[in-house]
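Observations on chain architecture
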Amino acid sequence: STFGHGGAGQPSVHQDLGHQETTRSERAHSPDLLMTVTPTVESSDSATCDDAVGTVIGGRYKVEALLGTGGFSTVYRVSDTLEDQVRALKLFAPSAGCDSARREFNALRQARHPNIVQVIALDTTSRGECFLIIEYVEGELVADYTTGQKHLNDLIAIDLVLDVLDALIFLHPDLERSDALRQKGEGGELTIEEHDELRSIEGNALVHRDIKPRNIM
């Protein structure tokens, strides 16, 4: 399973850290699980859906297909003409601003986990619109299985949930450990190593605020 950045069936990374996020699993029978990071943006020099197909964004990313749209961004499947790789591109709408893109990028670029879609780069279009380049994940959205038209067997569903939990445990702060270190620090008993550990827990942990079927592949 993989957490990703919100798209229509492909990667959608809007870990909504205000946005979205995605996760992927290596379990034998699990479908790829994607945690999205947030789709909602406009296209290269326009910002509208299929109109962007065939255009080049950022001088190197050729738009191949629209994957999904949201309130603040749009996600495309693109071909990186420089590295000859297929990627997902999340273009942020002007109303979202580049601050949202930077926050998402800075939060996610450190999240290296097999069940979380990788955020690769942050850049801007010729019009100053910010976009993220994200790992492209083939698969189906869990949302496709919530309508009653398609079904997962029990074992796959359990594996999928375990994959999501594994990714969330990785992302979320270890509150029990941080509380223990904080209490120890109040007594002036923290070692240098424990002080560094506490700073790392408090500085690097993320809280995913948008766990839903559309953000999991």
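Our subject is the structure that appears above.
A few points on the structure. (Residues numbered from 1 in each chain as written. Predicted model: local features only at pLDDT ≥ 70, side-chain atom pairs only at ≥ 80, totals over all residues. Heavy atoms only, no water.)

A closer look at helix α2 (residues 154-171)
As a reminder, the rule being used: By definition, any uninterrupted DSSP run of H or I lasting at least four residues is a helix, any uninterrupted run of E lasting at least two residues is a strand, and each is numbered from the N terminus. Expected helix span is computed as 1.5 Å times (number of residues minus one). The classification of residues rests on relative accessible area computed with a 1.4 Å probe and restricted to protein chains. Under 20% of the type maximum is buried, over 50% is exposed, and intermediate values are partly exposed.
Over its 18 residues, α2 runs 26 Å from end to end, which matches the ideal 26 Å to within 8%, given 1.5 Å per residue. Within α2, the full set of buried residues consists of I156, D159, L160, D163, V164, A167, L168 and L171.

Considerations on the state of the cysteines
Counted only if it meets this: Throughout, a disulfide means two cysteine sulfur atoms within 2.5 Å of one another.
Under the defined criterion, the tally for this structure stands at one disulfide. Between the sulfur atoms of C98 and its disulfide mate C130 the distance is 1.8 Å. Between C98 and C130 the sulfur-sulfur dihedral comes to about 105°; the bridge is accordingly right-handed. In this pair, C98 is assigned in helix α1 (residues 97-108) and C130 in strand β8 (residues 130-135), connecting sequence segments 32 residues apart. The same class applies to C98 as to C130, namely buried.

Structural notes on the pattern of salt bridges
Rules: Take a side-chain nitrogen of Lys or Arg and a carboxyl oxygen of Asp or Glu: if they are within 4 Å of each other, that pair is a salt bridge.
In this structure the tally under the stated criterion is eleven salt bridges. E140 is the partner of K150 in a salt bridge, and the nearest nitrogen-oxygen pair spans 2.1 Å. Here K150 is found in the loop between β8 and α2, whereas its partner E140 is found in the loop between β8 and α2, with ten residues between them in sequence. Within the structure, one salt-bridge network assembled from shared partners comprises R60, D80, E83 and R87.

Examining the pairing of strand β4 (residues 61-69)
As a general feature of sheets, a regular strand has side chains that alternate between the two faces. As a reminder, the rule being used: Note on pairing: DSSP must find at least two bridges between two strands before they are called paired.
As paired elements, strand β3 (residues 56-57) and β4 share two bridges and run antiparallel to each other. Counterpart to V56 in the pairing with β4 is K62. The hairpin formed by β3 and β4 contains three residues between the paired strands, and G58 there has a positive phi angle of roughly 65°. Here seven bridges tie β4 to strand β5 (residues 73-80), and the two strands are oriented antiparallel to one another. Bridging across to β5, G68 finds its partner in V75. From the end of β4 to the start of β5, which pair antiparallel, there are three residues.

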